Amino acid sequence: MAETGRGTTKLMRMTGLRSVPPIIEEVKPNGAVMLRDRRYRRSLVVADALSALVALVFATNVLGTNQLGLQILLGLPLVTLACKLSGLYDRDELVIRKTTLDEAPAFLELATLYTLAVWMLDGVVLSGPLTKEAALILWVSLFAFGLVFRRVARYVASRAVPEERLLLIGDAATYARVQHKLEAGDVHARLVGRMSLQRVSDFSADERPVDEATLGQLIRDLDADRVLVVPSQTNPQVTLDLIRATKAIGVRASIVPHVFDVVGQSVVFDDLSGMTLLGVREFALGRSSQVVKRAFDLLGAVAALLVFAPVLALIAVLIKLDSRGPVFFRQERIGRDGEPFRIFKFRTMVADAEARKAELMAHNEADGLFKIADDPRITRVGCVLRKTSLDELPQLLNVLLGEMSLVGPRPLINSEDETITGYDRRRLHLTPGMTGHWQIMGSSRVPMHEMLKIDYVYVTTWSLFEDIKILTRTVPYMLARRGM
């Protein structure tokens with residue numbers, strides 16, 4: 001057989017025929033990658049089972065109407081099975097930033113199905129029927145405990161495994177941008193190297209355009225766990241082969257598609273007889289979405305004012321005792337459709353702060369905005385208010401008046417708004433918000449051009465859950481004092 005094989009190969013060379021290239025098989029990830037995935041997966045399984053058990057115990061003990069039987073333990077594997085079928089255990093290995101809030105819609109569905117199952121089998125798992133009150137408590141507690149336990153499980157797992165090591169194949173500008181995002185976000189990963197696409201590819205080759213040997217050697221030298229691929233703009237086959245070669249080496253692969261920076265993630269994938277098209281949403285909220293968003297703003301603003309009323313009164317007293325001047329600072333901002341409005345904020349500076357702004361312009365530290373880290377105009381109470389963002393609370397009055405939204409684009413002053421031209425002025429079709437993506441990214445660290453891109457992505461991917469998620473993430477960013 002060996003002689004036949006050599007003879008066949010020789011004959012093919014003599015006749016000008018080429019041999020069939022060997023099949024490149026995908027292999028399982030290396031040991032370090034598999035260990036990281038198992039740690040996260042097992043931690044989440046334990047968290048889901050515990051959250052289901054604790055929620056059921058909590059629901060029955062609060063009302064005291066039922067007792068649990070040991071047979072409930074037999075139903076806990078069904079919870080993990082439902083999570084598996086929902087893809088809640090397979091997502092972490094595909095992403096770098098392993099978030100829990102993004103799973104809230106899927107976990108809400110799981111909590112609903114679990115409550116329905118317990119209600120149908122109440123005679124099996126409980127000593128008596130499941131009341132409406134107990135079912136409501138079970139539903140809410142499972143959703144809440146599930147998210148909390150999963151967050152804790154991911155935290156514990158991240159401390160038990162080393163940081164994920166990332167290798168970027170692409171240009172230096174993308175490397176710098178990814179590096180900035182990793183440093184700014186809570187991500188258990190770091191970049192360990194970069195290689196240009198030209199070094200590992202032959203753009204003129206019709207077949208096998210990727211140099212697997214060079215790529216494999218670099219991955220082994222850097223001990224990389226995941227390769228970030230910046231797609232080729234001229235030869236899509238290079239990108240495809242690079243991903244295949246990466247997976248054949250046994251590491252994870254992620255794509256950095258610049259198009260999603262512009263159109264957002266909530267595009268509609270369309271299959272045109274095997275060709276994938278992306279349906280891009282329009283830059284506007286539908287009428288029904290506007291009604292839902294406004295109703296959410298009103299309910300949220302009223303609830304927040306009722307809860308924070310004592311805090312607002314205390315802050316007002318402290319401001320009057322600390323320095324002369326009014327309690328509130330009113331400043332003109334540009335609102336929806338370019339209409340100016342006066343924003344409410346607690347006064348954090350001396351009374352003549354605006355008159356002194358010109359002399360401090362040389363010390364500005366932000367791109368397109370006016371921000372100074374140690375502004376000498378800030379009062380003692382104002383320093384605390386700014387670090388905790390409590391000076392923003394009076395903007396709830398602007399929300400009630402319809403001039404602002406709880407979540408939306410950043411409200412700009414006149415001089416900042418004048419720097420925005422062309423298509424970017426479409427941001428004025430949106431109601432400015434008290435918080436938004438710009439806030440949780442560190443408002444003073446986001447350059448103007450990126451803020452405009454964020455505004456576009458926000459409106460094209462808007463959902464009520466997205467607003468709730470941003471509001472939820474705003475609180476820890478305020479407490480961590482990540483803004484200026």
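Residues numbered from 1 in each chain as written. Predicted model: local features only at pLDDT ≥ 70, side-chain atom pairs only at ≥ 80, totals over all residues. Heavy atoms only, no water.

Draft legend 1. Main features of unusual backbone geometry. Although it is not a glycine, Asp337 sits at a positive phi angle of roughly 60°. Locating Asp337 in the fold gives a position in the loop between β7 (328-334) and β8 (340-346). Positioned with a positive phi, Ser389 is a non-glycine residue whose angle comes to about 60°. Mapped onto the secondary structure, Ser389 falls in the loop between α12 (380-388) and α13 (395-400). Judged by its relative accessible area of 15%, Ser389 is buried. (Helix = DSSP H or I, 4+ residues; strand = E, 2+ residues; numbered from the N terminus. Buried < 20%, exposed > 50% of the residue type's maximum accessible area, 1.4 Å probe, protein only.)

Draft legend 2. A look at the environment of Ser405. Looking at the secondary structure, you find Ser405 in strand β9 (residues 405-407). For Ser405, a relative accessible area of 1% corresponds to the buried category. Sequence separation between Ser405 and Pro432 is 27 residues, and the spatial gap between their C-alpha atoms is 6.0 Å. In this view, Ser405 contacts Lys293, Asp297, Val399, Thr431, Pro432, Gly433 and Met434; residues no more than four positions away in its chain are not counted. Separated by 3.1 Å, the side chain of Ser405 and the backbone oxygen of Val407 make a polar contact. (Contact = heavy atoms within 4.5 Å. Polar contact = N/O pair within 3.5 Å; in protein donor to acceptor, adjacent residues only side chain to side chain.)

Draft legend 3. How the structure looks around the packing of aromatic side chains. The tally for this structure, following the rule as stated, stands at four aromatic pairs. A ring pair is formed by Phe58 and Phe145, whose centres lie 5.9 Å apart and whose planes are at 90°; its orientation type is edge-to-face. Within this pair, whereas Phe58 is found in helix α2 (residues 31-63), its partner Phe145 is found in helix α6 (residues 132-160), the two being separated by 87 residues in sequence. Owing to a relative accessible area of 40%, Phe58 belongs among the partly exposed residues under this scheme. Exposure remark for Phe145: the relative accessible area of 23% places this residue in the partly exposed category. Here the aromatic rings of Phe145 and Phe149 are separated by 5.9 Å at their centres, their planes lie at 45°, and the arrangement is tilted. Of this pair, Phe145 and Phe149 both sit in helix α6, four residues apart, which is roughly one turn of that helix. Residue Phe149 is classed as partly exposed on the basis of its relative accessible area, which comes to 23%. Members of the aromatic cluster, joined through ring pairs, are Phe58, Phe145 and Phe149. (Phe/Tyr/Trp six-rings, centres within 6.5 Å; stacked < 30°, edge-to-face > 60°.)

Function cannot be read off these values alone, since they describe shape.
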